[in-house]
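Here's the letter readout for the chains.
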Amino acid sequence: MAESFITTNRFFDNKNYPRGFSRHGDFTIKEAQLLERHGYAFNELDLGKREPQTDEEKLFVSVCRGERAPVTTEEKVWAKYLAKISRPKRFHTLSGGKPQLDPAEDYTDSDD
């Protein structure tokens, strides 16, 4: 990986991870560092904005296209990141049930 995924830009996702990857709890410290260091290159390769330069990058692009399963650490971390941001956020209620309408109240239009 010495010459693969080279970029001078750090990768941040302020929309989904406003406090950073390592503080959210979805990623280990090593995974978070990998995303910050190389995520910009991962994203550009995934979106097709950057052409793969090495065999490792070509294999990475094939994973992004769904042609093969992730094998390397970089591929697994990027797949994990994409899975996390595409899933809707869960929320919990204290009651555990759905809100109920009061049957005595009628919210339909009436002819008054």
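Below or above, wherever it landed, is the structure these notes cover. Worth saying up front: this structure is predicted, and the values here are computed from it rather than measured.

Scoring rules and cut-offs
Residues numbered from 1 in each chain as written. Predicted model: local features only at pLDDT ≥ 70, side-chain atom pairs only at ≥ 80, totals over all residues. Heavy atoms only, no water. Helix = DSSP H or I, 4+ residues; strand = E, 2+ residues; numbered from the N terminus. Buried < 20%, exposed > 50% of the residue type's maximum accessible area, 1.4 Å probe, protein only. Contact = heavy atoms within 4.5 Å. Core = buried A, V, L, I, M, F, W, Y, C linked by side-chain atoms within 4.5 Å. Phe/Tyr/Trp six-rings, centres within 6.5 Å; stacked < 30°, edge-to-face > 60°.

## With respect to the side chain of Glu-57
At step 1: Here Glu-57 is to be found in helix α3 (residues 55-64).
At step 2: Taking the relative accessible area as the measure of exposure, Glu-57 reaches 0% and is therefore buried.
At step 3: Ignoring sequence-local partners within four residues, the contact set of Glu-57 consists of Ser-4, Phe-5, Ile-6, Leu-45, Arg-50, Glu-51 and Pro-52.

## A few points about the nonpolar core
One broad trend across soluble globular proteins is that nonpolar side chains are buried collectively.
At step 1: Counting 16 residues, the largest nonpolar core has Phe-21, Phe-27, Leu-35, Trp-78 and Tyr-81 as the members making the most contacts within it.
At step 2: Of all the elements, helix α2 (residues 29-47) adds the most residues to this core, at 6 residues.
At step 3: Apart from the residues lying within four places of it in its own chain, the contact partners of Leu-35 are Phe-11, Phe-21, Phe-27, Tyr-40, Val-77, Trp-78 and Tyr-81.

## Observations regarding the packing of aromatic side chains
Remark: the centre distance and the inter-plane angle together describe each pair of aromatic rings, the angle taken between the planes.
At step 1: Per the counting criterion, the structure on display carries 13 aromatic pairs.
At step 2: The interplanar angle of 85 degrees and the centroid separation of 4.9 Å between the aromatic rings of Phe-5 and Phe-42 together place this pair among those described as edge-to-face. Here the residue Phe-5 occupies a position in the segment before α1 (21-24), and Phe-42 occupies one in helix α2, the gap between them amounting to 37 residues.
At step 3: With 4.9 Å between their ring centres and 35 degrees between their planes, Trp-78 and Tyr-81 make a pair best called tilted.

Structural measurements only, silent on function.
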